[in-house]
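Inside the fold
In case you want the letters, here they are:
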Amino acid sequence: MSLLKLRKFRALTLLFCIITFTMVLFNYTLRDPSAYFFKYAFRLSDTVFPRGPCSCRRCVAETEDDPWFAERFNQSFHPVMSRKGSVLTDDTYRWWQWLQAERQPANFTEVVDKLFQIIPDKEFYADSRPDRCRTCSVVGNSGNLKDSHYGPLIDASDFVIRMNQAPTEGFEKDVGYRTTHHLMYPESAVDLGNSTCLILIPFKTLDLEWLISALTTGTIKYTYLPVTANIKANKDKVMVYNPSFFKYVYDTWLEGHGRYPSTGFLALMFAIHVCDEVNVYGFGADHYGNWHHYWEDNLLGGAFRHTGVHDGDYEYNVTALLADKHKIKLFKGS
Ligand code: C5P
């Protein structure tokens, strides 16, 4: 071996030893609470070089880089309701009751009280940390998922969030098979597996009463349409979308466009407030501006409506803007 090669070999060996030693030391430091010196050294380096709000390459919650996002993103609104956080301002209550105007709503506080005797009362997801990287897939129901082959990509996230009918059986290749969270309202309710969290989007007090009934006696069978009387879902994993958060999404993110936000947009907003990295699939109308579904034969008239009470174009523009600003990744499908 020439002298030059020998030197190179020695330098590489030394580098290898240094890297191995550092890794072992780092591992040891994290496991052994008695290694105070290293702990304080790391803490000091955190103060000098502050870490972001999460440990992903980019964190949704980082607001410094974008004034448009910073102006809108407000973490003081909690996406899911807790008993403590269920008090609505008069303004919010009035707006929320107006969405699907009920003639004689039951007493909201009493219904909420009853509800939290059945479902868990936790401050779910108020748990972001600099050492967490929670990845989420939000899966809308657009026909653009057909032949997309996104299934494995969707399933690779920590949270897989679906909504309304969203069948997976027979469509796994394109939409995946995991569902950790499923958003629905009484008129769009479907049965869920034991490990999936049900998130009810309530539009009226009757919807909260329906949830109580659907998980227990099954007495409510009609809202403004016939609804499923009993629902299969794990009671310990049931949550309710917070009406105050709902209004915040409408006022702040949609600036009052449409009558109220679509389930998909509410799901996306849920995700950007509880996840660190958000990947979005299955959003986008067809060429005529109609919402079509991946499980329907859209060419044979499956596309069913313009976008109803929602401003589909405005919602899509906000979604696309979030993608342009690298806050989310938007997968446009086939
Ligand atoms: O039709 P459905 O309301 O069940 O779809 C769920 C959500 O997926 C919608 O609220 C909408 O945000 C999104 N969607 C879409 N484009 C479609 C179909 C659905 O953006 N073609």
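Just so it is clear, the model here is predicted, and its values are computed rather than measured.

What follows covers the state of the cysteines. Tallied over the entire structure, the rule returns 3 disulfides. There is a disulfide in this structure between C54 and C59, and the S-S distance comes to 2.1 Å. With the S-S dihedral at roughly -95°, the linkage between C54 and C59 falls on the left-handed side. A sulfur-sulfur distance of 2.0 Å marks the disulfide that ties C56 to C133. Judged by the torsion about the S-S bond (110°), the C56/C133 disulfide is right-handed. Remark: C133 occurs in the loop between α5 (108-115) and β1 (135-139) and C56 occurs in the loop between α2 (36-48) and α3 (67-72); sequence separation between them is 77 residues.

So, about the site of the ligand. Neighbouring the ligand are 17 residues; N141, G264, G284, H292 and H293 lie closest to it. The separation between an oxygen atom of the ligand and a polar main-chain atom of G264 is 3.0 Å. G284 places a main-chain nitrogen or oxygen 3.0 Å from an oxygen atom of the ligand. With the chains in place, 95% of the 440 Å² that the ligand exposes on its own is no longer accessible. The leading source of residues in the shell around the ligand is helix α10 (residues 263-274), at 3 residues.

With the rule as written, the count across this model stands at 22 aromatic pairs. Judged by centre distance (4.9 Å) and plane angle (20°), the ring pair of F69 and F73 falls under stacked. A relative accessible area of 0% means that F69 is categorised as buried. Chaining the aromatic ring pairs together yields one cluster made of F77, W95, Y185, F203, Y241, F245, F246, Y248, Y250 and Y260. Taking NZ or CZ as reference, R259 lies 4.2 Å from the ring centre of W98, over its face.

The subject of this paragraph is the nonpolar core. Among the nonpolar cores identified, the biggest contains 73 residues, and Y241, F246, W253 and V278 are the most heavily contacted of them. The greatest single-element share of this core, amounting to 9 residues, is contributed by α10. Excluding its chain neighbours within four sequence positions, the residues that come into contact with Y241 are P79, M81, L183, I199, L200, I201, P202, F246, V249, L266, M269 and F270.

Close contact between α10 and helix α11 (residues 312-324) brings their axes to 10 Å; oriented N to C, the two are set at 25°. The orientation of α10 relative to α11 falls into the category roughly parallel. Taken as a pair, α10 and α11 cross one another with a handedness that is left-handed. Two secondary-structure elements touch here, α10 through F265, L268 and M269 and α11 through E315, V318, T319 and L322. Tallied by class, residues from the contact of α10 with α11 come to 5 nonpolar, 1 polar and 1 charged.

Here we take up the sheet that holds β1. The 7 strands lie next to each other as β5-β4-β3-β2-β1-β6-β7, forming an open sheet whose pairing is parallel. Only two strands of the sheet have a single neighbouring strand rather than two, namely β5 (238-240) and β7 (328-330). When the angles between neighbouring strand axes are averaged without regard to direction, this sheet yields 20°. Two elements, β1 and strand β6 (residues 277-281), share 5 bridges in a ladder whose sense is parallel. Residue pairing across strands places V138 opposite V280, the latter belonging to β6.

Now for the pairing of β1. Extensive coverage of β1 is indicated by the burial of 5 of its 5 residues. On β1, burial covers both faces: T135, S137 and V139 on one face and C136 and V138 on the other are all buried. Where β1 and strand β2 (residues 159-163) come together, 3 bridges link them in parallel fashion. Bridging from a neighbouring strand, V138 pairs with I161 of β2.

Each value, and the rule that gives it
- Here the residue index of a chain counts from 1 through its sequence in written order.
- It should be noted that, the model being predicted, local features are given only for residues of pLDDT at least 70 and side-chain atom pairs only at 80 or more, the latter also being counted only at that level, while totals for whole chains, interfaces and linings use all residues.
- Hydrogens and water molecules were not included; the side-chain quantities draw on all heavy atoms of the structure.
- When two cysteine sulfur atoms are found within 2.5 Å, that pair is recorded as a disulfide.
- Helix and strand assignments follow DSSP, with helices taken as H or I runs no shorter than four residues and strands as E runs no shorter than two, numbered in order from the N terminus.
- We call a residue near a molecule or strand as soon as one heavy atom of that residue lies within 4 Å of the molecule or strand.
- Each polar contact in these results corresponds to two N or O atoms within 3.5 Å; when the atoms are within protein, one needs to be able to donate a hydrogen and the other to accept it, and residues that are neighboring in sequence are counted only if both atoms are side-chain atoms.
- In this description, accessible areas are obtained by the Shrake-Rupley approach with a 1.4 Å probe, and a residue is regarded as covered only by the protein chains that are shown.
- Two aromatic rings from Phe, Tyr or Trp, using only the six-membered ring of Trp, form a pair when their centres are within 6.5 Å; if the ring planes differ by under 30 degrees the pair is stacked, by over 60 it is edge-to-face, and anything between is tilted.
- Each residue is assigned to one of three classes by its accessible area relative to the maximum for its type, calculated with a 1.4 Å probe on protein chains only: buried under 20%, partly exposed between the two thresholds, exposed over 50%.
- Whether a charge sits over a ring depends on NZ of Lys or CZ of Arg being within 6 Å of the ring centre and within 35 degrees of the ring normal.
- Among buried residues, the Ala, Val, Leu, Ile, Met, Phe, Trp, Tyr and Cys ones that are joined through side-chain atoms within 4.5 Å form a nonpolar core.
- Residue contacts are counted whenever heavy atoms from the two residues lie within 4.5 Å of one another.
- Convention adopted: a line fitted to C-alpha atoms gives each axis, helices being fitted over their contacting stretch, and angles between N-to-C directions are expressed from 0 to 180 degrees.
- Each angle receives one of four descriptions, namely roughly parallel if under 35 degrees, roughly antiparallel if over 145, roughly perpendicular if within 65 to 115, and oblique otherwise.
- Definitions for this section: a left-handed crossing has its near helix turned counterclockwise from the far helix by less than a right angle. A right-handed crossing has that turn clockwise.
- Just so you know the grouping, Ala, Val, Leu, Ile, Met, Phe, Trp, Tyr, Cys and Pro go in nonpolar, Asp, Glu, Lys and Arg go in charged, and all remaining residues, Gly too, go in polar.
- In this analysis, strands are considered paired if DSSP registers two or more bridges between them.

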